[in-house]
Amino acid sequence: MTHVSIIGSGNMGQAISSVVARGGNTVELFNSTDKDKPVTGDVVILAVPYPAIDQVLADRADQLSGKVVVDITNPLNFETFDSLVVPADGSAAAELAEKLPDSKVLKAFNTTFAATVASGQVGEVPTTVLIAGDDADAKAQFAGIVSAGGLKAVDAGPLKRARELEAVGFLQLTLAVGEKVAWTGGFGLV
Ligand SMILES: NC(=O)c1ccc[n+]([C@@H]2O[C@H](COP(=O)([O-])OP(=O)(O)OC[C@H]3O[C@@H](n4cnc5c(N)ncnc54)[C@H](OP(=O)(O)O)[C@@H]3O)[C@@H](O)[C@H]2O)c1
């Protein structure tokens, strides 16, 4: 059993929390009023908007040392909805890994809308969580948590694949905003 901390109790934090608990793992949720409550999980999921990451690190970087830290953000320019705000050859996850050299950083859950995390389905196919990271044990541990909770987990490669995952997440968001796909749908893996 793994104890999982989720920072951010919005749409994604709550949906992922249900998945974690369904798999028999324990979970604690934090929001922005819980700054003084330390995280106790071995796996910490950052389910906050990208611009809030630096605040979370300012509050808790020392608490994340040695832990598996999962970045689920889509670092969009929310003013234009027309680009990512990270360099084209980088990613939010790469930035995070640089800021947390003593943590095992993974990218996951950024290509799955919250409704599909909750339902476990994208149309007719099971919701797939694509996981990128450089630490094989951390990836396997997190894939186990995801699959125990009823979703499909797929190893998408090293952390440098986060760049492509964030591009996919960005494209999916623009399709949903443009009403080309429902927020209950999105990309599936068959
Ligand atoms: N929604 C989706 O379908 C989806 C899909 C894939 C990826 N994502 C990504 O998932 C992340 C969360 O999205 P969401 O839709 O769940 O957002 P949301 O519903 O707006 O929830 C955001 C949560 O972050 C918390 N928060 C903000 N700043 C914080 C801080 N400094 N410390 C602790 N908690 C803080 C908020 O707490 P308060 O309410 O107390 O401010 C709130 O609980 C985003 O990065 C988004 O890009 C979302």
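Since we're looking at a predicted model, the values are computed, not measured. (Residues numbered from 1 in each chain as written. Predicted model: local features only at pLDDT ≥ 70, side-chain atom pairs only at ≥ 80, totals over all residues. Heavy atoms only, no water.)

## Details of helix α3 (residues 92-99)
Turning to α3, its buried residues are Ala92, Ala93 and Leu96. Along the axis of α3, the buried positions cluster into a sector of 95°, meaning they face one direction only. Here the buried face of α3 lies against β3 (43-46), α2 (53-60), β4 (68-71), β5 (104-107) and α6 (162-177). (Buried < 20%, exposed > 50% of the residue type's maximum accessible area, 1.4 Å probe, protein only. Helix = DSSP H or I, 4+ residues; strand = E, 2+ residues; numbered from the N terminus. Arc of directions from axis to C-beta. Contact = heavy atoms within 4.5 Å.)

## Side note on the pairing of strand β2 (residues 26-30)
As judged from the 5 bridges shared by strand β1 (residues 3-7) and β2, these two strands associate in the parallel manner. Paired with isoleucine 7 across the strands is phenylalanine 30, a residue of β2. Handedness of the crossover is the feature at issue here: the chain leaves β1, passes through helix α1 (residues 11-22), returns alongside β2, and the resulting connection is right-handed. (Pairing = 2+ DSSP bridges. Right-handed = clockwise from strand over helix to strand, strands pointing away.)

## Quick notes on the UniProt feature "domain: Pyrroline-5-carboxylate reductase catalytic N-terminal" (unreviewed entry) in the protein
The positions UniProt marks with the feature "domain: Pyrroline-5-carboxylate reductase catalytic N-terminal" (unreviewed entry) are residues 41-75. Taken end to end, residues 41-75 comprises 23% helix and 23% strand; its first and last C-alpha atoms sit 25 Å apart. (UniProt positions renumbered as here; feature names shortened; annotations may be inferred.)

## Let's talk about the site of the ligand
Around the ligand sit 23 residues, and of these Ser9, Met12, Ser32, Val48 and Ala114 come closest. Separating an oxygen atom of the ligand from a backbone N or O atom of serine 9 is a distance of 2.8 Å. The contact in question runs from an oxygen atom of the ligand to an N or O atom on the backbone of valine 48, over 2.7 Å. Taking 900 Å² as the accessible area of the ligand by itself, protein coverage stands at 74%. Looking at the shell around the ligand, the elements that each hand over two or more residues are α1 and α2. (Near = heavy atom within 4 Å. Polar contact = N/O pair within 3.5 Å; in protein donor to acceptor, adjacent residues only side chain to side chain. Areas by Shrake-Rupley, 256 points an atom, 1.4 Å probe, with all protein chains shown as cover.)

## Observations regarding the packing of aromatic side chains
One pass over the structure, following the stated rule, counts 3 aromatic pairs. Both rings, one in phenylalanine 109 and one in phenylalanine 142, keep their centres 6.1 Å apart while their planes meet at 75°; by these two values the pair is edge-to-face. Taken together, the positions of phenylalanine 109 in the loop between β5 and α4 (114-119) and phenylalanine 142 in helix α5 (residues 136-148) put the pair 33 residues apart, joining distant regions of the chain. Accessibility assignment for this pair places phenylalanine 109 and phenylalanine 142 in one class, buried. On the numbers, 4.9 Å between centres and 55° between planes, the contact of phenylalanine 113 with tryptophan 183 is tilted. Separated by 70 residues along the polypeptide, phenylalanine 113 in the loop between β5 and α4 and tryptophan 183 in the segment after α6 bring together distant segments of the chain. The buried category is assigned to phenylalanine 113, whose relative accessible area is 9%. Against the face of phenylalanine 30 rests lysine 37, its NZ or CZ located 4.8 Å from the ring centre. Sitting over the ring of phenylalanine 30, arginine 60 keeps its end group 4.9 Å from the ring centre. (Phe/Tyr/Trp six-rings, centres within 6.5 Å; stacked < 30°, edge-to-face > 60°. Lys NZ or Arg CZ within 6 Å of the ring centre and 35° of its normal.)

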